[in-house]
Amino acid sequence: QVQLVESGGGLVQPGGSMKLSCAASGDTFRAYAMGWFRQAPGKEREFVAAISRSASTSYLDSVKGRFTISRDYLKNTVSLQMFSLKPEDAAVYYCAADLDPYFKVPTTAREYDSWGQGTQVTVSS
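Residues numbered from 1 in each chain as written. Predicted model: local features only at pLDDT ≥ 70, side-chain atom pairs only at ≥ 80, totals over all residues. Heavy atoms only, no water.

### Things to note about the overall build of the protein
So, point 1. Scanning the protein from terminus to terminus reveals zero helices and 11 strands.
So, point 2. Ordered by position in the sequence, the α and β elements of the protein form the string β-β-β-β-β-β-β-β-β-β-β.
So, point 3. Compactness check: the protein gives a C-alpha radius of gyration of 13 Å against a globular reference of 14 Å for 125 residues, within 12% of the reference.
So, point 4. For the protein, the spread of C-alpha atoms along the three principal axes comes to 40 × 25 × 25 Å.
So, point 5. In the protein, buried positions account for 43% of the 125 residues.
So, point 6. Pairs at least 24 apart in sequence give 59% of the contacts found in the protein among residues at least 6 apart.
So, point 7. Looking at the protein as shown, the accessible area adds up to about 6300 Å², and 49% of this sits on carbon and sulfur atoms.
So, point 8. Between the averaged position of the 13 positive side-chain charges in the protein and that of its 12 negative side-chain charges there is a distance of 4 Å. (Helix = DSSP H or I, 4+ residues; strand = E, 2+ residues; numbered from the N terminus. Rg over C-alpha atoms; globule rule 2.2 N^0.38 Å. Buried < 20%, exposed > 50% of the residue type's maximum accessible area, 1.4 Å probe, protein only. Contact = heavy atoms within 4.5 Å. Areas by Shrake-Rupley, 256 points an atom, 1.4 Å probe, with all protein chains shown as cover. Lys, Arg positive; Asp, Glu negative; His and termini not counted. Charge placed at Lys NZ, Arg CZ, Asp CG, Glu CD.)

Written out as structure tokens, the structure is:
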């Protein structure tokens, strides 16, 4: 199973940008679809973005055009570049990996096999 470690969270002002990164180790990165989820206090964990083994992507509607997910097959990392951040984007962001033989873009938490520990994103002035 792959191990995941997120980095890049912190405090940003509304309208600002932030990049989250997730480093994968312990297994063949190319075998996994990757995703980002987030969970705000008192709310359920929700899908944010995903990227398949072939780099197809899917996004939560409210982040389309503002967030971009990408993966680096040499560095074994997946990133989430976030622009025009809003207070409602504040949450703990989790990286996830789905061992996937079908090149799908998984958008539900139950499809993922491995999770990182999460990184806090705070959007506030």
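### A closer look at the packing of aromatic side chains
So, point 1. Throughout the structure, instances matching the rule amount to five aromatic pairs.
So, point 2. With 5.2 Å between their ring centres and 80° between their planes, Phe-37 and Tyr-112 make a pair best called edge-to-face. In this pair, Phe-37 sits in strand E4 (residues 32-39) while Tyr-112 sits in the loop between strand E9 (91-99) and strand E10 (114-115), placing the two residues 75 residues apart along the sequence.
So, point 3. Residue class for Tyr-112 comes out buried when judged on its relative accessible area of 6%.
So, point 4. Among the aromatic residues, those joined into a ring-pair cluster are Phe-37, Phe-47, Tyr-112 and Trp-115.
So, point 5. The ring centre of Trp-115 lies 4.8 Å from the NZ or CZ of Arg-45, which sits over that ring.
So, point 6. Seen from the ring of Phe-103, Arg-53 lies directly overhead, with NZ or CZ sitting 4.3 Å from the centre. (Phe/Tyr/Trp six-rings, centres within 6.5 Å; stacked < 30°, edge-to-face > 60°. Lys NZ or Arg CZ within 6 Å of the ring centre and 35° of its normal.)

### A look at the pairing of strand E5 (residues 46-51)
So, point 1. Most of E5 is tucked away, with five of its six residues classed as buried.
So, point 2. Where E4 folds back on E5, the antiparallel hairpin that results is connected by six residues, among which Gly-42 adopts a positive phi of roughly 80°.
So, point 3. Two strands pair when backbone bridges link them, and E5 and strand E6 (residues 57-59) are joined in this way by three bridges, in the antiparallel orientation. When the sheet's bridge partners are listed, Ile-51 is paired in E6 with Thr-57.
So, point 4. Taking the residues between adjacent antiparallel strands as the criterion, E5 and E6 are bridged by five residues, where Ala-55 takes a positive phi near 75°. (Pairing = 2+ DSSP bridges.)

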